[in-house]
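Structure at a glance
In case you want the letters, here they are:
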Amino acid sequence: MAAVLSCIMPVYNGEEYLEKSVQSVLDQSFAWFELILVNDGSTDRTADLCAEFARKDERVRVLTQPNKGAAAARNAGIQAAEGRYITFVDADDMLLPKAFEKTVQAMENRELDLVSFNFSFCSDTGFTEAVYPAFAAASLEEFWPHFIDYYRANQFFSLCNKVYRAQLIKGLGLKLDESLRTGEDIQFNFAYFANLGKMEHLDGIYYEYWRHAQTLTRAATLDNMETSQRVLHGVRRFLEQCGQSELYPQLAAAQLPWDAVNFFDLLTDSSKPYTLEERKAGLEKLFANPMWHTALMTRLEGREGLYNGWLRKAAAKKNAGRVLLPLRLKGKR
């Protein structure tokens, strides 16, 4: 039987976690899928592992390309996909057993353009659930009442907690922006949602997004503020395109303080591998931007401790001259 669902997994130097991730796909209760492994120029044993998976299970296909990044690998997978539906799994994450069964059943029975579902952020120290209540929207208009809370529950960002209709992706010529190293997934979702018909969000948790210390890149984390600002600009354009501009101020007011304090905490966390100069440059940039500075202050206001008190006083004087940043940065407070 031909594949109903195409699951695309980009892989770069994934030998440490790849077997568990692939097995979580192969163990799905719904069997009519293809798993497209896109080896993105790996230099470890990834190519051998991918070949072995394909040898053992005919549902596994392997594509190989020079290292171009995850966006290019996903685009190659989209182009090669033969299923009616498309989903994505990252090579160090885990798909829970009934994910394909529940999502394909919903797509087939209710003729949906999209199904999304809840997931967990996992690490060696614990997990945090990203959960939004189940709902169905018969049109994009019915989605808007959910948009802000759905977005803030981290449901909009990921490709991996969604099943898409392949005909819609290919008919629109949608691709991930290969020039971006972060934020390309949400831009893809903006383009897809703008053309959305019926969708449904399931209340089950079917995906584990693993945060392995070894796979967190310096570039991605130090670029958080720029990425957040680019994403928010994308949100504004998306809402304007869809005639929902009035939603943007509400979203920005709710989201900006969280983004700002997350970037601040990243830069002041002594366990992160950043130099003092990198930290100082990041903090200068954070305090120099009125939008980000104002948002940060709303979140720091209630924090206790000498360090946070010093920062609030320094920030209050920023318009009088250059803000002096601390020469000694503390860890978590």
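Residues numbered from 1 in each chain as written. Predicted model: local features only at pLDDT ≥ 70, side-chain atom pairs only at ≥ 80, totals over all residues. Heavy atoms only, no water.

Focus on the side chain of serine 120
Put simply, the test is: Helix and strand definitions follow DSSP, with helices as H or I runs of at least four residues and strands as E runs of at least two, each counted in order from the N terminus. Three labels apply to residues, based on accessible area from a 1.4 Å probe with only protein chains included: buried if under 20% of the type maximum, exposed if over 50%, partly exposed otherwise in between. Only heavy atoms matter for contacts: two residues are in contact if any of them lie within 4.5 Å across the pair.
Tracing the chain through its elements places serine 120 in strand S6 (residues 114-123). Here serine 120 falls in the buried class, since its relative accessible area comes to 6%. With residues near it in sequence (within four places) discarded, serine 120 still touches Phe127, Thr128, Glu129, Ala130, Ile205, Tyr207, Glu208 and Tyr209.

Here's the deal with the pattern of salt bridges
Rules: For this analysis, a salt bridge means a side-chain nitrogen from Lys or Arg found within 4 Å of a carboxyl oxygen belonging to Asp or Glu.
Overall, the coordinates contain 12 salt bridges when judged by the stated rule. With a closest N to O distance of 3.8 Å, glutamate 184 and arginine 74 form a salt bridge. Separated by 110 residues along the polypeptide, glutamate 184 in helix H8 (residues 184-193) and arginine 74 in helix H3 (residues 70-80) bring together distant segments of the chain. We note that glutamate 184, like arginine 74, is buried. Through salt bridges with shared partners, a single ionic network connects Glu34, Arg61 and Glu82.

Side note on the packing of aromatic side chains
The condition is simple: Pairing of aromatic side chains requires ring centres within 6.5 Å, counting the rings of Phe and Tyr and the six-membered ring of Trp. Pairs whose planes differ by under 30 degrees are stacked, by over 60 edge-to-face, and all others tilted.
One pass over the full model with this rule turns up 30 aromatic pairs. Judged by centre distance (5.2 Å) and plane angle (65 degrees), the rings of phenylalanine 33 and phenylalanine 100 are edge-to-face. Here the residue phenylalanine 33 occupies a position in strand S2 (residues 33-40), and phenylalanine 100 occupies one in helix H4 (residues 99-110), the gap between them amounting to 67 residues. With 5.7 Å between their ring centres and 70 degrees between their planes, tryptophan 144 and phenylalanine 147 make a pair best called edge-to-face.

Some details on the confidence of the model for the chain
The line we're drawing: The quantity called pLDDT is the predictor's confidence in a given residue, expressed from 0 to 100.
Confidence in the prediction for the chain averages 88 pLDDT; 88% of positions are at 70 or higher. Counted against residues more than four places away or in other chains, residues 216-220, with its pLDDT under 50, gives 4 contacts. The low-confidence segment residues 322-333, where pLDDT is below 50, has 37 contacts with residues more than four positions distant or belonging to other chains.

Quick look at the state of the cysteines
Simply put, disulfide is the name for a covalent bond between the sulfur atoms of two cysteines. Under the convention used in this document: Put simply, a disulfide is two cysteine sulfurs that come within 2.5 Å.
Counted by the stated rule, this structure contains 0 disulfides. Free cysteine: cysteine 160, not disulfide-bonded; nearest cysteine sulfur from cysteine 7 at 8.3 Å.

Description of the packing of helix H11 (residues 247-267) against helix H12 (residues 276-288)
The cut-off we apply is this: Lines fitted to C-alpha atoms define the axes here, with helix axes fitted over just the stretch in contact, and angles between the N-to-C directions of these axes take values from 0 to 180 degrees. Orientation is classified from the angle alone, with under 35 degrees giving roughly parallel, over 145 giving roughly antiparallel, 65 to 115 giving roughly perpendicular, and any other angle giving oblique. Handedness of a crossing follows from how the near helix is turned relative to the far one, being left-handed for an anticlockwise turn of less than a right angle and right-handed for a clockwise one. Ten residue types, Ala, Val, Leu, Ile, Met, Phe, Trp, Tyr, Cys and Pro, are classed as nonpolar, four, Asp, Glu, Lys and Arg, as charged, and the remainder, Gly among them, as polar.
It is at 9 Å that the axes of H11 and H12 come closest, and there the two elements cross at 160 degrees. Judged by the angle between their axes, H11 and H12 are roughly antiparallel. You can see that H11 and H12 cross each other, and the crossing is left-handed. Contacts between H11 and H12 involve Ala260, Phe263, Phe264, Leu266 and Leu267 on the former and, on the latter, Glu278, Arg279, Gly282, Leu283 and Leu286. Here the contact of H11 with H12 is built from residues that sort into 7 nonpolar, 1 polar and 2 charged.

A short note on H3
For H3, a buried count of 8 out of 11 residues is recorded, marking the element as mostly surrounded by other parts of the structure. Residues of H3 that are buried include every one of Ala71, Ala72, Ala73, Arg74, Asn75, Gly77, Ile78 and Ala80, and no others. Looking at the packing, one finds that the buried side of H3 touches strand S1 (5-11), S2, strand S3 (60-65), strand S4 (85-88), helix H7 (166-172) and H8.

Section: the pairing of S1
Short version of the rule: The criterion for strand pairing is that DSSP finds at least two bridges linking the strands in question. Handedness of a crossover: with both strands directed away from the viewer, a clockwise path from the first strand across the helix to the second marks it as right-handed.
Among the 7 residues that make up S1, 7 are buried, leaving the element largely enclosed by the rest of the structure. In S1, alternate side chains face the same way, and those of Leu5, Cys7, Met9 and Val11 on one face and Ser6, Ile8 and Pro10 on the other are all buried. Of the pairings in the sheet, the one linking S1 to S2 comprises 7 bridges and is parallel in character. Residue pairing in the sheet places serine 6 in a bridge with glutamate 34 of S2. Of the crossover connections in this fold, the one passing from S1 over helix H1 (residues 18-26) to the parallel S2 is right-handed. The pairing of S1 with S4 spans 4 bridges and is parallel. Within the sheet, the bridge partner assigned to serine 6 lies in S4 and is isoleucine 86.

A word on the nonpolar core
Spelled out, the test is: In these notes, a set of buried Ala, Val, Leu, Ile, Met, Phe, Trp, Tyr and Cys residues joined through side-chain atoms within 4.5 Å is what counts as a nonpolar core.
Counting 101 residues, the largest nonpolar core has Met9, Leu35, Phe143, Phe147, Phe156 and Phe238 as the members making the most contacts within it. If you tally residues by element for this core, the top one is H11, at 11 residues. If near-sequence neighbours (up to four positions away) are discounted, phenylalanine 156 is found in contact with Phe143, Phe147, Tyr150, Tyr151, Lys162, Ile186, Asn189, Phe190, Phe193 and Phe238.

Some thoughts on helix H13 (residues 290-300)
Threshold: Under this definition, polar contacts are N or O atom pairs within 3.5 Å; protein pairs additionally need one hydrogen-donor-capable and one acceptor-capable atom, and for neighbouring residues in sequence, both atoms have to be side-chain atoms.
Restricting attention to buried positions, one finds in H13 the residues Trp292, His293, Ala295, Leu296, Met297 and Leu300. The N-cap of H13, judged by a side-chain oxygen 3.0 Å from the amide nitrogen of methionine 291 a few residues on, is asparagine 289.

A look at the pairing of strand S7 (residues 126-130)
Two faces belong to every sheet, and in a regular strand the side chains alternate between them. Where S6 meets S7, 5 bridges bridge the pair, whose relative direction is antiparallel. Its bridge partner being in S7, serine 123 is matched across the sheet by glycine 126. Here S6 folds back onto S7, and the loop between the two strands holds 2 residues.

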